[in-house]
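Letter by letter, the chains look like this.
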Amino acid sequence: MRSAARLSVRVRPSGSGSGSGPPRGVHLQAARCRSSLSLAGEVPEDAAAAQARPFSEVPGPKPLPVLGNLWRFFPGGDLANVPPYEVPDTLVRTYGPIVKLEGMMTATKLFVADPNAAQQIFRTEGQWPIREGISSIDYYYRNYRKNLEFSLGTANGELWQKFRSTVNQVAMQPRNVKVYVEPINAVAVEFIQRMKSIRDANQQMPDDFTNEIKKWASESITYVALDARLGMLENDIDPDSDAGRIVELVKDVFDAMAELEFGLSPWRYISTPTWRKLKNAMDTFTELATRRVNEVVDRLAKLSEEEIASRQLSVLERLLVNSSHDPDKAVAFALDMMLAGIDTTANQTSSLLYFLASNPDKQRALQEELDREYQEGQPLTAPVLERLKYLRACIKEAMRLQAVVTGILRTVNQDIVLNGYLIPKGTHTIVCTKVMCRDESLVPRASEYLPERWLPGHEHLKPTHAFVNIPFGFGPRMCAGKRFADLEMEVLCANLFRSYNLEWHHPPPAVEQKLFVQYSTPLKITMKERQ
Ligand code: HEM
């Protein structure tokens with residue numbers, strides 16, 4: 001695998017850059033090779049680089065002078081009526097599995113919906129993969145919170161790598177995550193009680209159910225990020241309490257970010273109301289996290305070294321101990337966890353509940369597993385969770401069919417050849433996971449919710465390539481909260497479906513893309529006690 005990956009890196013020969021013509025064999029072979037993880041390594045790399053077509057020939061909509069391609073998104077343009085969620089699909093359908101979109105005011109983007117090409121991007125990204133951060137948050141840290149500039153969501157290079165390795169030691173180790181089974185379970189049980197209490201007379205969830213799911217995700221992840229139960233699932237939360245403020249802050253930050261990132265706002269040049277909203281929310285968020293982290297710093301300061309060594313440390317405590325009690329590290333990761341871990345987990349859980357509610361046979365199969373492995377009165381422990389294989393398949397399948405993140409961003413940090421085209425170092429690529437996950441030629445019966453496809457004995461339903469379904473990203477930069485996200489979803493579903501049936505009696509809910517994919521119409525799930 002490694003050597004195949006190395007072979008695929010083509011260094012641009014000096015003075016070249018525009019090869020002499022299409023390397024037909026390589027192009028056709030690499031373009032849509034289905035079944036193997038290896039790359040087109042049989043071709044000598046110099047020859048492939050020399051023969052590669054130049055970047056200027058990558059297919060894509062042609063930009064007009066001055067207007068670029070932006071006009072296409074305005075009335076009269078061919079992409080004007082395409083919802084943002086569908087733009088990559090439309091481009092790929094029209095131009096093929098790699099598409100160049102230039103002339104959009106920002107840097108040229110390369111959309112990649114070919115699993116071999118995706119694999120090649122990840123396999124050549126090196127130790128310090130570069131991902132364009134959310135520019136508004138990046139700007140905020142650089143200009144107002146220099147002490148947090150290394151945050152994972154925005155940093156790149158060595159700055160990112162140093163902090164990421166500290167985080168990996170605490171958040172990616174299964175033994176550190178297992179400590180959270182009990183508290184995350186307590187949050188889930190409380191949320192299910194809340195679901196029961198907010199049902200209407202027909203046992204249907206209220207119109208703002210997705211917001212309720214966000215409160216559950218917030219309460220779960222702030223327990224990890226801030227080492228405290230904040231009480232977001234209680235009735236009548238005091239808006240001035242930390243619980244009340246976090247619910248509002250998350251909403252403000254995400255609304256503002258979506259507008260600043262995707263809108264035509266001039267916030268980079270002048271201070272707009274939306275920019276000020278984001279800055280104020282981030283200021284309050286940072287102050288809140290700093291205050292909470294300082295409480296933990298004080299708590300640790302009262303403990304002797306022996307006490308610390310013999311204690312089962314929380315993520316926050318461990319991060320502080322491993323970074324010589326540097327509060328900035330803990331604040332930065334707390335903010336990373338809340339910014340990256342609330343809307344993602346909540347929106348993904350919304351679709352998971354919808355798919356199970358609207359596929360009663362899959363729900364029944366899950367309940368059969370729960371009846372076997374997690375009976376009433378039995379505590380939920382890490383070994384029990386380990387045995388819930390069908391549940392994990394249900395989650396994986398929901399993430400395939402409707403991932404909250406539709407593409408993985410990478411800026412290629414060396415010249416590479418993708419599908420016969422020379423892609424120069426510095427090109428901003430988007431690996432279009434959503435497009436690949438729904439491509440019938442890559443995933444058998446792609447439009448169906450089939451958790452079985454992830455279980456042994458159903459290989460004929462598996463995607464034909466391992467890089468089709470990568471909902472948490474890939475490589476050293478992959479999601480730092482994956483283990484917590486999985487734990488939250490597994491624990492909630494185990495408790496919910498053990499005791500309740502969920503039903504769906506409406507047309508499918510509408511989907512939209514803000515920063516993450518979400519439902520834009522009410523999630524009217526019915527929740528009934530199991531007999
Ligand atoms: C279902 C829920 C989630 C999904 C689908 C998800 C997905 C992702 C994806 C696709 C990335 C980019 C990976 C890449 O570039 O290769 C990412 C990054 C990240 N995620 Fe998640 N995530 C989820 C939940 C969480 C949670 C709960 C946390 C916090 C505990 C979290 C923290 C992060 C952080 C800090 C990063 C940046 C990592 C880095 O660049 O080093 N995520 N996530």
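Keep in mind the model is a prediction, meaning the values are calculated, not measured.

Okay, the overall build of the protein chain next. Within the protein chain, the regular secondary structure consists of 21 helices and ten strands. The C-alpha atoms of the protein chain give 24 Å as radius of gyration, which agrees with the globular expectation for 531 residues (24 Å, within 12%). With the C-alpha coordinates aligned to their principal axes, the bounding extent of the protein chain is approximately 70 × 50 × 50 Å. Restricting to contacts in the protein chain with at least 6 residues of sequence separation, those with at least 24 account for 73%. With an accessible surface of roughly 22900 Å², the protein chain has 53% of that area assigned to carbon and sulfur atoms. Measuring between centres, the 64 positive side-chain charges of the protein chain sit 5 Å from its 64 negative side-chain charges.

A contiguous nonpolar patch, built from Leu64, Val66 and Leu67 and spanning about 330 Å² of accessible area, is present on the exposed surface. Examined against the element boundaries, leucine 64 turns out to sit in the loop between helix H3 (45-51) and helix H4 (87-95).

What the rule picks out here adds up to 37 salt bridges. A salt bridge links glutamate 219 to arginine 229, with the shortest nitrogen-to-oxygen separation between them at 2.6 Å. Residue glutamate 219 is located in helix H10 (residues 209-226), and its partner arginine 229 is located in the loop between H10 and helix H11 (242-262); the two are separated by ten residues in the primary sequence. A residue is classified by how much of its surface remains accessible, and glutamate 219, at 0% relative accessible area, is buried. The partly exposed category is assigned to arginine 229, whose relative accessible area is 35%. One salt-bridge network, in which partners are shared between bridges, spans Asp138, Arg142, Lys146 and Glu149.

Next up on the list: the packing of H11 against helix H12 (residues 273-301). Following both chains from N to C, one finds H11 and H12 inclined at 140 degrees, their axes separated by 9 Å at the closest point. Of the two elements, H11 crosses H12, and the hand of that crossing is left-handed. Contacts between H11 and H12 involve Asp242, Arg245, Ile246, Leu249, Val250, Asp252, Val253, Asp255, Ala256, Met257, Glu259 and Leu260 from the former and Thr274, Trp275, Lys277, Leu278, Ala281, Met282, Thr284, Phe285, Leu288, Arg291 and Arg292 from the latter. Classifying every residue of the contact of H11 with H12 by side-chain character gives 13 nonpolar, two polar and eight charged.

The subject of this paragraph is the coordination of the iron atom of the ligand. Among protein residues, the single donor to the iron atom of the ligand is Cys479 (SG), with a metal-donor distance of 2.3 Å. Structurally, cysteine 479 can be placed in the loop between helix H20 (433-437) and helix H21 (482-499).

What follows deals with the environment of tryptophan 216. One can find tryptophan 216 in helix H10. Along the primary structure tryptophan 216 and isoleucine 184 are separated by 32 residues, whereas in three dimensions their C-alpha atoms are 9.9 Å apart. In this structure, tryptophan 216 is in contact with Val187, Ala188, Phe191, Leu233, Thr345, Thr349, Glu488, Met489 and Leu492, ignoring residues within four places of it in sequence.

In this section: the pairing of strand S2 (residues 109-112). The two faces of the sheet receive side chains in turn, since in a regular strand these alternate between them. Alternating positions in S2 separate into two faces, Lys109 and Phe111 on one and Leu110 and Val112 on the other, with burial throughout. Sheet topology places strand S1 (residues 98-101) next to S2; four bridges connect them, and they run antiparallel. Bridging across to S2, lysine 100 finds its partner in leucine 110. Looking at chain direction, S2 and strand S6 (residues 428-431) are connected through four bridges and run parallel. Residue leucine 110 lies in a different strand from S6, and its bridge partner there is threonine 429.

With that settled, the discussion passes to the UniProt feature "binding site: heme" (unreviewed entry) in the protein chain. As recorded in UniProt, the feature "binding site: heme" (unreviewed entry) lies at Cys479. Given the relative accessible area of 28%, cysteine 479 is considered partly exposed. When near neighbours in sequence (up to four residues on either side) are disregarded, cysteine 479 contacts Arg164, Met172 and Phe472.

For the ligand, the set of nearby residues contains 28 residues, the closest of which are Arg131, Arg164, Arg410, Arg477 and Cys479. Residue arginine 164 places a side-chain N or O atom 2.7 Å away from an oxygen atom belonging to the ligand. In the model, an oxygen atom of the ligand is placed 3.3 Å from a nitrogen or oxygen of the phenylalanine 474 main chain. For the shell around the ligand, the secondary structure elements donating two or more residues are helix H7 (157-171), helix H15 (327-341), helix H16 (343-358), strand S3 (408-411) and H21.

Conventions adopted
Note that residues are indexed from 1 along each chain, following the sequence as it is written. In keeping with the predicted nature of the model, local features appear solely for residues at pLDDT of at least 70, side-chain atom pairs appear and are counted solely at 80 or more, and the whole-chain, interface and lining totals rest on all residues. Excluding hydrogens and water, the side-chain values take into account all heavy atoms of the structure. Strands are runs of DSSP state E lasting at least 2 residues, helices are runs of H or I lasting at least 4, and numbering of each runs from the N terminus. For the radius of gyration, the atoms used are the C-alpha atoms, and the globule rule reads 2.2 Å times the number of residues raised to 0.38. Should any heavy atoms of two residues lie within 4.5 Å, those residues are considered in contact. For accessible areas, the Shrake-Rupley method is used with a probe of radius 1.4 Å. Any residue's cover is judged against the shown protein chains and nothing else. Charge assignment in this entry is limited to Lys and Arg as positive and Asp and Glu as negative, and neither His nor the chain termini are counted. For the purpose of locating charges, the reference atoms are NZ of Lys, CZ of Arg, CG of Asp and CD of Glu. Residues qualify for a patch when their relative accessible area is over 30% and they have no salt bridge, like charges being joined within 9 Å and the nonpolar side chains of Val, Leu, Ile, Met, Phe, Trp and Tyr within 5 Å. For salt bridges, the criterion is a side-chain nitrogen of Lys or Arg within 4 Å of an Asp or Glu carboxyl oxygen. A 1.4 Å probe rolled over the protein chains alone gives each residue an accessible area, and that area as a share of the maximum for its type sets the label: buried under 20%, exposed over 50%, partly exposed in between. Only the stretch in contact is used when fitting a helix axis, every axis being a line fitted to C-alpha atoms; angles between N-to-C directions are given from 0 to 180 degrees. The crossing is said to be left-handed when, going from far helix to near helix, the turn is anticlockwise and less than a right angle, and right-handed when the turn is clockwise. Residue polarity is assigned by list, with Asp, Glu, Lys and Arg as charged and Ala, Val, Leu, Ile, Met, Phe, Trp, Tyr, Cys and Pro as nonpolar; anything else, Gly included, falls into the polar class. Metal sites are built from N, O and S donor atoms within 2.8 Å, or 3.2 Å for Na, K and Ca, and they leave out water, so they may look incomplete. Strand pairing is assigned whenever DSSP detects at least two bridges linking the two strands. UniProt positions are given in the numbering used here, feature names are shortened, and annotations may be inferred rather than shown by experiment. Being near a molecule or strand, for a residue, comes down to having at least one heavy atom within 4 Å of it. Here a polar contact is recorded for every N or O atom pair within 3.5 Å, except that within protein the pair must consist of a potential hydrogen donor and a potential acceptor, and residues adjacent in sequence are included only if both atoms are side-chain atoms.

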